[in-house]
Amino acid sequence: MEIFPERVQKLWDEWQLRSMVLVSLFLQIVLTIFSNRRKFTVAIWIRIRIWSAYLSADKVATVSLGTFSQLGDSVGKHDYMDPHHTLMAFWAPFLLLHLGGPGTITAYSLEDNELWLKHFLELVVQIGVAFYVFLRSRTSRTPFSFPSFPMFVAGIIKYGERTWVLRSASKQHFGDALLPVPDPGPDYAEFAKKYYPTRYQLQTEHLTKKETTGTTAALGLQSIIDGDHGTKLILGGKYINEAYLLFVEQLRHLYADLILRLDDKQKSEGIIRYLSSEEAFKVVEAELSFLYDVLYTKAIVVYSPLGILLRTVTFLSIISTLVAFSFFIGRREFSNVDINITYALLFGAIFLEIYAIVMLILSDWSIVWLCSSKRKYTLLTNWIHRAITSFPSLTSGKRRSRSMAQNNLIDSCLRNKTKFDHEVNSFFDKNKFLERYWYITREKVEGAHLQLPPRDDKRCRLGSGEPTQTIVAVEFDHSILLWHIATDLFSYINDDHENPINAKISKCLSEYMLYLLVMCPSMLPKGIGKFRFRDTCSEVKTIFKQRQSISNRKEACRLLIEVETKIKPESGEAKSKSVSVLFEACVLAKNLKSVEMELEEEWEMISKVWVEMLCYTASHCEWAQHGQQLRRGGELLTHVCLLMSHLGLSEQFRNALNIP
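Residues numbered from 1 in each chain as written. Predicted model: local features only at pLDDT ≥ 70, side-chain atom pairs only at ≥ 80, totals over all residues. Heavy atoms only, no water.

1. Some words on the overall build of the protein
In step 1: When its secondary structure is counted, the protein shows 31 helices and four strands.
In step 2: Within the span of the protein, comprising 660 residues, buried residues form 48% of the whole.
In step 3: Partitioning the contacts of the protein with sequence separation of at least 6, the portion at a separation of at least 24 is 82%.
In step 4: On the protein, roughly 34400 Å² of surface is accessible, and the fraction owed to carbon and sulfur atoms is 58%. (Helix = DSSP H or I, 4+ residues; strand = E, 2+ residues; numbered from the N terminus. Buried < 20%, exposed > 50% of the residue type's maximum accessible area, 1.4 Å probe, protein only. Contact = heavy atoms within 4.5 Å. Areas by Shrake-Rupley, 256 points an atom, 1.4 Å probe, with all protein chains shown as cover.)

Pasting the structure below:
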C-alpha cells in the first residue's frame, strides 16, 4: 500500500537533497544576519526566529550528511557513480562549513557551552561521514577531488572553531583560563643559606620588585587609557578603551566568580568616578557587549592573530574552490539545476565570509586593536580608523536594549484571564504566554534612572518612622510586593498633584522589580515571591468581584484605598494559609499619606527605597543569571550590578596580599 503517489515519491527523491542543502544555506544566512541583534533587542519575534534557525541548522545539515552517505550505494561493478550523484556528493564539505556556523552565534544559551564535549564528538563523526562520502564519490570520470579538498579544509576549520569556542566559554574552562600560573613560593632551604649574610640585600630586592610590579601595572593601565599626549583615546565618544580594560581586568573575573584585589577596585574607581551617569552607562554597555561576544560568539578565536589567519585560509579556500569548479565543470554531464545549486552554495559561502569580515572590521574589538597599535602602525591604523568612522550608522549601533520591562499587579488582576486564574496542565499555557510576551510593556531607561545615590551602609538610611521599617522587617519578596502596591495607591492618592520626576522613577522601578519577581525569579534572592504574588492577586480579584465591576487602574486603586484597615484580619486557620500582602500594602499607603512631608520629599524617599531594593537585588544575583540575560537584550539589573562592582560595592573584593 503506497502512502504517497508514485509521482510525489519520485519528486521527493529527486529534490530531497537539493532542498535540504538550500534550506541549510538559508538558515546560515538568517543566523549570520539576525543572531547578533539579540544583544540589543527584546522583540520576541527576533528570538523565535534565531531559536528556530539555531536548532534547525544543525539538524538539517546532519540529516543531509547522513543522506549523502547513502549515495555511494549506487556505485556498481563498473566502479563509477552516477554523475548526478557525484555532483551532489561535492556538496558534503559545504555542510561541514554550515555545521561550523557563523561567527555571530555559537551558543544560543549558556547551557550550549557546557555541551562542548558533545559537539566535539559530533565534529569527529560528521567529518568522518563527509570524508566517507568524498571517498565513495571519487572516480576517474569526475574531476572533483581537487575542488573538494579546499572546501574540506574550510569546513574543518569552521567546525573546529565552533567546538573550541564552546569549550573556552564553558564555566569551568572560562574560569581556569583566568587563573595565574601557580607560584610555589621561595626555596626556603636555599633562602636559609643566604639569609644572614645578605639579609638587607634580599629585603631591598623584594621591596624594589614589589614597587616595580605595582608601577608597571599602573603604567599598563595608563598606557591603555591615555594616548601620546595624555588624552583619552575615545573614538566617537564610545569609551571603548575604558570598557575593554575593565572587561579584561574585572568583568571576566566577576563572571568566573573569582576574587578581586582592592587594587582592582582602585583602578575601576579611577575610571568610573569622573564619568557622568550617562557616560558610565556607556562604559558598562560596552563591557557587557564584550562579555556577550565571548560567551555567545566566536570572538575568542576570530579577534586574535590566529583567528585572522584562519579566516584568511577559509576565504581563500572557498575562492579556490569556486575557481576550480568553474574550470573543471562539464555542463554536458550534469544537470543545470545541480550546477546552479552548487554556484549558490559557493557564492553563499563567499557572501557569509565577506559579511563576517566587514563585521570584524566594524566591531569594538577592531577599535581596541587600533588603539593598541597606534604607535606601531600609525599610517595603517589611521587609514583604517578613518574608514571605520566614515560609517557612523554602522559603528555606533546599539549594544544593549536600553529598556526595562514593566509589570503591574493591579493591571494583571484587571485582565479577564491571567495565568493564575486556574491551574493549567496543558502543554501550551496560553495565559502564561500572553502574560510574559503580550501584556509586558517596556520603559526606556533614561538618565534619571541611572542616578545611584551614595550609600554609607548596607541599606539606605531613610530616616525613622513606620513606612521605612517595612524594608527590613519582612522578607525581600514581601517588601517588593508591599511597596509595589503601596506605590500604586500612593500615586492614585496624589494624582491631582503635579508629580515630580522621582514619582516616575519610583513607578518605573516598582513595576520593573515586580517583573523580576514574577518573570525572572532566579535573579532575586530565594523566597516565596510567586506564592505571595498568586495569593495577593487572588485576594485583589475577590475584592473586585464582590464590590463592583472595575474597568481601569484608577477605579481599582480607589476601591483598594477604601478598604478598612483599622481592624487587622483575624489570624485564623484560613488566613494562616494565605501569604497575601494586600492588607499591609493598604496600611502602608495610608501611612505614607499621613506622613508630614512635602510631596516631592515623599516621592524622593520612595524612589530611594526602590533604588535600594534594586541595588540589593543586583548584589545578590549570580553572574550566571546575568550572563543568561545578555542574550535577551540585557537587564538594567546587570548594568547596576556591574556599576556597583566598579565602585567597590561587591563581595568579590578581598584585601588579601596573596591574591595575584
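Don't stop here, the text continues.
2. Description of the environment of lysine 504
In step 1: As for its position among the elements, lysine 504 is in helix α24 (residues 501-519).
In step 2: Take lysine 504: its relative accessible area is 33%, and that puts it in the partly exposed class.
In step 3: For lysine 504 and serine 607, which are 103 residues apart along the polypeptide, the C-alpha to C-alpha distance reads 8.9 Å.

3. Structural notes on the packing of aromatic side chains
By convention here, two paired aromatic rings are described through the distance between centres and the angle between planes.
In step 1: Taken as a whole and judged by the stated rule, the model has 20 aromatic pairs.
In step 2: For the pair tyrosine 54 and tyrosine 108, a centre-to-centre distance of 6.2 Å together with 35 degrees between the ring planes defines the contact as tilted. Taken together, the residues tyrosine 54 in helix α2 (residues 44-68) and tyrosine 108 in the loop between α4 (92-100) and α5 (110-114) connect sequence positions 54 residues apart. Neither tyrosine 54 nor tyrosine 108 differs from the other in exposure class; each is buried.
In step 3: Pairing tyrosine 244 with phenylalanine 247 gives two aromatic rings, centres 6.4 Å apart and planes at 40 degrees, and the pair type is tilted. Of this pair, tyrosine 244 and phenylalanine 247 are both found in helix α11 (residues 240-255), three residues apart, which corresponds to roughly one turn of the helix.
In step 4: On the accessibility criterion, phenylalanine 247 (3% relative accessible area) is buried.
In step 5: Of the aromatic side chains, those joined through ring pairs into one cluster are Phe90, Phe94, Phe325, Tyr343 and Phe347.
In step 6: Here the basic side chain of arginine 18 rests over the ring of tryptophan 15, its NZ or CZ set 4.8 Å away from the ring centre.
In step 7: Arginine 167 extends its terminal NZ or CZ atom over the ring of tryptophan 116, reaching a point 5.6 Å from the ring centre. (Phe/Tyr/Trp six-rings, centres within 6.5 Å; stacked < 30°, edge-to-face > 60°. Lys NZ or Arg CZ within 6 Å of the ring centre and 35° of its normal.)

4. Structural notes on the confidence of the model for the protein
In step 1: In this model, the protein carries an average pLDDT of 78, and 72% of its residues clear a pLDDT of 70 or more.
In step 2: Mean pLDDT per element in the protein: helix α10 (residues 199-225) is the minimum at 40, and α5 is the maximum at 94.
In step 3: Predicted confidence is poor over residues 417-427, with pLDDT under 50, and the contacts of this stretch with residues over four places away or in other chains come to 19 contacts. (pLDDT = per-residue confidence, 0-100.)

5. A few points about the pattern of salt bridges
Opposite charge on two side chains permits pairing when their charged atoms draw close.
In step 1: The full count for this structure, using the stated rule, is 21 salt bridges.
In step 2: In this structure, the salt-bridge partner of lysine 267 is glutamate 249, at a minimum N-O distance of 4.0 Å. Within this pair, whereas lysine 267 is found in helix α12 (residues 262-272), its partner glutamate 249 is found in helix α11, the two being separated by 18 residues in sequence.
In step 3: When its relative accessible area of 17% is taken as the criterion, lysine 267 is described as buried.
In step 4: Take glutamate 249: its relative accessible area is 30%, and that puts it in the partly exposed class. (Salt bridge = Lys/Arg side-chain N within 4 Å of Asp/Glu carboxyl O.)

6. Structural notes on helix α6 (residues 116-136)
In step 1: A rise of 1.5 Å per residue sets the reference length of α6, with its 21 residues, at 30 Å; its end C-alpha atoms lie 30 Å apart and thus fit the reference within 8%.
In step 2: Within α6 the residues assigned to the buried category are Trp116, His119, Leu123, Gln126, Ala130, Val133 and Phe134. Buried residues in α6, looked at end-on, bunch into an arc of 105 degrees, giving them a common side. Residues of α6 that are exposed and point more than 90 degrees away from the buried face comprise Leu117 and Leu121. (Expected span 1.5 Å × (residues − 1). Arc of directions from axis to C-beta.)

7. What about the nonpolar core?
In step 1: In this structure, Leu409, Leu516 and Leu636 are the most contacted members of the largest nonpolar core, which totals 111 residues.
In step 2: When neighbours within four sequence positions are excluded, leucine 516 is seen to be in contact with Pro521, Met523, Leu524, Glu635 and Leu637.
In step 3: Judged by nonpolar contacts, the second largest core, of 50 residues, contains Phe68, Tyr108, Ile329 and Leu346. (Core = buried A, V, L, I, M, F, W, Y, C linked by side-chain atoms within 4.5 Å.)

8. Focus on unusual backbone geometry
For residues besides glycine, phi is generally negative; the peptide bonds are generally trans as well.
In step 1: Unlike most non-glycine residues, aspartate 257 shows phi in positive territory, near 60 degrees.
In step 2: Mapped onto the secondary structure, aspartate 257 falls in the loop between α11 and β1 (260-261).

9. Examining a nonpolar patch on the surface
In step 1: Together, Leu11, Trp15 and Val337 make up an exposed nonpolar region whose accessible area comes to about 250 Å².
In step 2: The residue tryptophan 15 is located in helix α1 (residues 6-34) in this model. (Patch = residues over 30% accessible without salt bridge, like charges linked within 9 Å, V, L, I, M, F, W, Y side chains within 5 Å.)

10. Things to note about the pairing of strand β2 (residues 403-406)
In step 1: Here β2 shows no split at all, with Ser403 and Ala405 on one side and Met404 and Gln406 on the other all buried.
In step 2: Where β2 meets strand β3 (residues 441-444), four bridges bridge the pair, whose relative direction is antiparallel. Directly across from methionine 404, in β3, lies its bridge partner glutamate 443. (Pairing = 2+ DSSP bridges.)

11. Concerning the packing of helix α23 (residues 476-493) against helix α29 (residues 599-619)
In step 1: Contact geometry of α23 with α29 gives a least axis separation of 12 Å together with a crossing angle of 155 degrees. Relative to α29, the element α23 lies roughly antiparallel. Pair α23 / α29 crosses with left-handed handedness. In contact with Phe476, Ser479, Ile480, Trp483, His484, Thr487, Phe490 and Ser491 of α23, α29 contributes Leu599, Glu602, Trp603, Ile606, Val609, Trp610, Met613, Tyr616 and Thr617.
In step 2: Considered class by class, the residues forming the contact of α23 with α29 number 11 nonpolar, five polar and one charged. (Axes fitted to C-alpha atoms, helices over the stretch in contact; angles between N-to-C directions. Parallel < 35°, antiparallel > 145°, perpendicular 65-115°, else oblique. Left-handed = near helix turned anticlockwise from the far one by under 90°. Nonpolar A, V, L, I, M, F, W, Y, C, P; charged D, E, K, R; others polar.)

12. As for the environment of alanine 589
In step 1: Within the element layout of this structure, alanine 589 appears in helix α28 (residues 582-594).
In step 2: Residue classification places alanine 589 among the buried residues on the basis of a relative accessible area of 0%.
In step 3: For alanine 589 and phenylalanine 490, which are 99 residues apart along the polypeptide, the C-alpha to C-alpha distance reads 5.6 Å.

13. Concerning the packing of helix α13 (residues 277-296) against helix α31 (residues 636-646)
In step 1: Interaxial distance between α13 and α31 falls to 10 Å at its minimum, and their mutual angle equals 105 degrees. Between α13 and α31, the angle falls in the class roughly perpendicular. For the pair α13 and α31, contact is made by Ala280, Phe281, Val284, Glu285, Glu287 and Leu288 and by Leu636, Thr638, His639, Leu642, Leu643 and His646, respectively.
In step 2: Across the contact of α13 with α31, the residue classes tally to seven nonpolar, three polar and two charged.

14. Notes on the environment of glutamine 652
In step 1: Locating glutamine 652 in the fold gives a position in the loop between α31 and β4 (653-654).
In step 2: Classification of glutamine 652 by relative accessible area gives buried; the value is 14%.
In step 3: Residues glutamine 652 and aspartate 257, spaced 395 residues apart in sequence, show a C-alpha to C-alpha distance of 7.5 Å.
In step 4: When neighbours within four sequence positions are excluded, glutamine 652 is seen to be in contact with His253, Leu254, Asp257, Leu258, Ile259, Leu260 and Trp623.

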